[in-house]
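# Remarks on the overall topology
One letter stands for each residue in the lines below.
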Amino acid sequence: PQLATLVKQAPAGEEWLHEIKFDGYRMISLVNNGHIQLVTRNGKNWTKKFSAIAGALAEFPVRQAILDGEIVVLRPDGTSDFQALQNVLKGEASDPLVYYVFDLPHCEGFNLCRTPLLKRKELLWELVKSLPVDAATHLRYSDHIQGQGERSFNEACRQALEGIISKLAMSAYHQARSKHWVKVKCQHRQELV
């Protein structure tokens, strides 16, 4: 998958899209004629671990696709909770899993890696919003804000999120770490005596 480069401040300008940085597991999903695979960024097959997500992806309205996203467990306030996700994986909890998809590098036999990010996200949104209600509880579109990087970052920190991912709207999908995708993390600090 494409990876983001850590930076100290959110980029400015309308050419940047800003998304929430989720606190979960990055996952590439492969949809192939009803056969679903969920693969970690290190190439491990976690389809069985996330069978509810695989079931939702079986409802995805195309025969073939590669999606990029993050699997999370949500708190009641809508923020992601990594410890709760860990508890689900250990079998200690049964919180519902949500797969936020944010990119579509391949669809119906077409390699979209050179297609501008904004166009890939537009197609992804059209596909996700046509999902049946039962699948939509587990599979959601990761929306973005165009421009307003500093404001987006400050709001993410105010809401105690992990940070934001900023992406060049017209960028291709590079299967490596890139400065076309950058991440800015909020600094949550505590004073200890």
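Along each chain, numbering runs from 1 in the same order as the chain's sequence is written. Predicted model: local features are reported for residues with pLDDT of at least 70 only, side-chain atom pairs are reported and counted for 80 or more only, and whole-chain, interface and lining totals are derived from all residues. Derived side-chain values reflect all non-hydrogen atoms in the structure, with water molecules and hydrogen atoms excluded from consideration.

### A few points about the overall build of the protein chain
Note the threshold: For the purposes of this entry, the term helix denotes a DSSP run of H or I that reaches at least four residues, the term strand denotes a run of E that reaches at least two, and both are numbered from the N terminus. Relative accessibility decides the category of a residue: with a 1.4 Å probe and only protein chains considered, values under 20% of the type maximum give buried, values over 50% give exposed, and everything between is partly exposed. In this analysis, two residues are considered to be in contact whenever any of their non-hydrogen atoms come within 4.5 Å of each other.
Scanning the protein chain from N- to C-terminus turns up five helices and 11 strands. Oriented by its inertia axes, the alpha-carbon framework of the protein chain measures out at about 50 × 40 × 30 Å. In the protein chain, which comprises 193 residues, the proportion classed as buried is 47%. Considering only contacts within the protein chain whose residues lie at least 6 apart along the sequence, 71% involve residues at least 24 apart.

### Points about unusual backbone geometry
When glycine is set aside, most residues are seen to have a negative phi, and most peptide bonds are trans. Phi is positive for glutamate 108, close to 50 degrees, though the residue is something other than glycine. Turning to its location among the elements, glutamate 108 is positioned in the loop between strand S6 (97–107) and strand S7 (110–111). Phi is positive for alanine 160, which is not a glycine, with a value near 60 degrees. Within the secondary structure layout, alanine 160 lies in the loop between helix H5 (149–158) and strand S10 (163–168).

### Some remarks on the pairing of strand S11 (residues 177–185)
Note the cut-off: When DSSP locates at least two bridges between a pair of strands, those strands are taken to pair.
In the sheet, strand S1 (residues 3–6) pairs with S11 via four bridges, with the strands oriented parallel. What sits directly across from leucine 6, in S11, is lysine 183. Sheet topology note: the S10/S11 ladder contains five bridges and is antiparallel. Its bridge partner being in S11, glycine 163 is matched across the sheet by lysine 185.

### Remarks on the pattern of salt bridges
Stated formally: Just to be clear on terms, a salt bridge is a Lys or Arg side-chain nitrogen sitting within 4 Å of an Asp or Glu carboxyl oxygen.
A complete count under the given rule lists 10 salt bridges for this structure. Notably, a salt bridge pairs glutamate 19 with lysine 167, separated by 2.7 Å at the nearest N-O pair. Remark: lysine 167 occurs in strand S10 and glutamate 19 occurs in strand S2 (residues 16–20); sequence separation between them is 148 residues. For the pair glutamate 19 and lysine 167, a shared accessibility class is recorded, and that class is buried. For the salt bridge of glutamate 122 with lysine 119, the shortest nitrogen-to-oxygen distance reads 3.7 Å. With a gap of three residues between them, glutamate 122 and lysine 119 both fall in helix H3 (residues 117–128), about one helical turn apart. Given a relative accessible area of 41%, glutamate 122 falls into the partly exposed group. Look at the salt bridges and you will find they share partners, linking Glu19, Lys121 and Lys167 into a network.

### Quick word on the side chain of lysine 167
For lysine 167, a relative accessible area of 1% translates into the label buried. Discounting chain neighbours no more than four positions away, the residues touching lysine 167 are Glu15, Trp16, Leu17, Glu19, Phe102, Leu117, His180 and Trp181.

### Quick notes on the state of the cysteines
Keep this limit in mind: Two cysteine sulfurs form a disulfide in these notes if their separation is within 2.5 Å.
Evaluated as defined, the whole model comprises one disulfide. Linked covalently through their sulfurs, cysteine 157 and cysteine 186 form a disulfide whose S-S length is 2.1 Å. With the S-S dihedral at roughly -95 degrees, the linkage between cysteine 157 and cysteine 186 falls on the left-handed side. In this pair, cysteine 157 is assigned in helix H5 and cysteine 186 in the segment after S11, connecting sequence segments 29 residues apart. Considering cysteine sulfurs only, cysteine 113 is the nearest to cysteine 107, which forms no disulfide, with 12 Å between them. The exposure class of cysteine 107 is buried, given its relative accessible area of 7%. Cysteine 113 sits in the buried class, given a relative accessible area of 12%.

### Overview of helix H2 (residues 82–89)
What counts here: By the criterion applied in these results, polar contacts are pairs of N or O atoms within 3.5 Å in which, for protein atoms, one can donate a hydrogen and the other can accept it, and in which residues neighboring in sequence qualify only through two side-chain atoms.
Residues of H2 that are buried: Ala84, Leu85, Gln86 and Val88. Residues of H2 that are buried sit in contact with strand S3 (25–32), strand S5 (64–73) and S6. The N-cap residue of H2 is aspartate 81: its side-chain oxygen and the backbone nitrogen of glutamine 83 are 3.1 Å apart. Glycine 91 lies just past H2 and shows a positive phi near 80 degrees.

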